[in-house]
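# Coordinate inspection notes
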Amino acid sequence: MMILRTTDTSPFGRKARMGALHLGLMDRIAIEPADALEEGSALRRENPLGKMPVLTLADGRRIYDSRVILEHFDHLAGGGRLLPLDWDARLAALTAQALADGVMDAAVLIVYEGRHRPAELHHKPWLDYQRGKIERALARLALAPPDPREVNVGTIATACMLGYLDWRKQVDWRSTTPALIDWLISFRAAAPAFDATEASGT
Ligand SMILES: N[C@@H](CCC(=O)N[C@@H](CS)C(=O)NCC(=O)O)C(=O)O
């Protein structure tokens, strides 16, 4: 049995949960809760960075981050499922994943500004700086989105990113990049694991 440590609401954790579900690996995985803030928590012991998700393999090895976990799931499923075997397609999928992960990093930092710093210390230029990354990435994505009928690390990360922005509303992507609305509808049809991994209550 493998243990995947993540909250239901982490967009990076959702990447891992989605990948496992899509590949039919969930019967080999137990999901356990993660606490990023608690001193000495299991999450911090398993990953010194204190970031989720972390996957503990059956032999006790710990792997992170979400990209490495998806690589491992792809390997367990025989390869070429989440990471295309064709090199150009693989580069495109990995780059799409890097773009979406970067948006989620910026979006998470915006949430943490509110969570970790007192209101009087919120620094608008810095928040705008992070929001700029998100807006530029969404504009680029709307111009040349990956094929939403293909389920790979790039489209999984992109969908998890849009789902996270829908929930936390760091930017209103549905107004600024409406082309991505149809993109997400097509992807959800191709990958039921997306809706199945939506956090309850979000
Ligand atoms: N590059 C990492 C990012 C993971 C990440 O930032 N996770 C967030 C939750 S969505 C976290 O654990 N944050 C706690 C912290 O940064 O201290 C991945 O792809 O897994």
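Calculation notes
- Residues numbered from 1 in each chain as written.
- Predicted model: local features only at pLDDT ≥ 70, side-chain atom pairs only at ≥ 80, totals over all residues.
- Axes fitted to C-alpha atoms, helices over the stretch in contact; angles between N-to-C directions.
- Helix = DSSP H or I, 4+ residues; strand = E, 2+ residues; numbered from the N terminus.
- Parallel < 35°, antiparallel > 145°, perpendicular 65-115°, else oblique.
- Contact = placed C-beta atoms within 7 Å.
- Nonpolar A, V, L, I, M, F, W, Y, C, P; charged D, E, K, R; others polar.
- Near = placed C-beta within 6 Å.
- Pairing = 2+ DSSP bridges.
- Right-handed = clockwise from strand over helix to strand, strands pointing away.
- Buried ≥ 20, exposed ≤ 12 C-beta atoms within 10 Å, placed from the backbone.
- Domains from an automatic or database assignment.
- Core = buried A, V, L, I, M, F, W, Y, C linked by C-beta atoms within 7 Å.

### Brief notes about the packing of helix 1 (residues 11–22) against helix 3 (residues 66–76)
- Direction vectors running N to C along helix 1 and helix 3 enclose 5 degrees, while the axes themselves pass 9 Å from each other. By the angle class used here, helix 1 and helix 3 are roughly parallel. Two secondary-structure elements touch here, helix 1 through Phe 12, Lys 15, Ala 16, Gly 19 and Ala 20 and helix 3 through Ser 66, Ile 69, Leu 70 and Phe 73.
- Residue classes in the contact of helix 1 with helix 3 are distributed as 6 nonpolar, 2 polar and 1 charged.

### A few points about the site of the ligand
- With respect to spatial proximity, 13 residues lie near the ligand, and among them Ser 10, Ala 36, Lys 51, Asp 65 and Ser 66 are the closest.
- Its residues placed into classes, the shell around the ligand shows 6 nonpolar, 3 polar and 4 charged.

### Digging into the pairing of strand 1 (residues 2–5)
- Alignment of strand 1 against strand 2 (residues 29–32), held across 4 bridges, turns out to be parallel. Pairing of Leu 4 across the sheet is with Ile 31, part of strand 2.
- Regarding the hand of the β-α-β motif, the stretch spanning strand 1, helix 1 and strand 2 is right-handed.
- In the sheet, strand 1 pairs with strand 3 (residues 54–56) via 3 bridges, with the strands oriented antiparallel. Each residue of the ladder has a partner; that of Leu 4, found in strand 3, is Leu 55.

### What to know about the environment of Gly 50
- With respect to the element layout, Gly 50 can be found in the loop between helix 2 (42–46) and strand 3.
- Overall, the presence of 17 C-beta atoms within 10 Å leaves Gly 50 in the partly exposed class.
- Expressed as a C-alpha distance, the spacing of Gly 50 and Arg 188, which sit 138 residues apart in the sequence, is 31 Å.
- Discounting chain neighbours no more than four positions away, the residues touching Gly 50 are Ala 36, Leu 43 and Arg 44.

### Examining the domain arrangement of the chain
- Along its sequence, the chain is carved into domain 1 (2–76) and domain 2 (87–196).
- Between domain 1 and domain 2, the C-alpha centre-to-centre distance is 20 Å.
- Counting from both sides, the interface comprises 10 residues of domain 1 and, opposite them, 14 residues of domain 2.
- Examining the composition of the side of domain 1 that touches domain 2, we find that 8 residues originate from one element, helix 1, more than from any other.
- Looking at the side of domain 1 that touches domain 2 residue by residue, the classes come out as 5 nonpolar, 2 polar and 3 charged.

### A word on the nonpolar core
- Formed by 45 residues in total, the largest nonpolar core has its most connected members in Val 103 and Met 161.
- At 9 residues, the largest contribution of residues to this core is made by helix 6 (residues 153–168).
- In this structure, Met 161 is in contact with Pro 11, Ala 100, Val 103 and Met 104, ignoring residues within four places of it in sequence.

### A look at the environment of Ile 63
- By the secondary structure assignment, Ile 63 is in strand 4 (residues 62–63).
- Since 16 C-beta atoms lie within 10 Å of it, Ile 63 is described here as partly exposed.
- Once the C-alpha coordinates of Ile 63 and Gly 154 are considered, the two residues, 91 residues apart in sequence, prove to be 20 Å apart.
- In contact with Ile 63, other than residues within four places in its own chain, are Leu 55, Leu 57, Val 68, Ile 69 and His 72.

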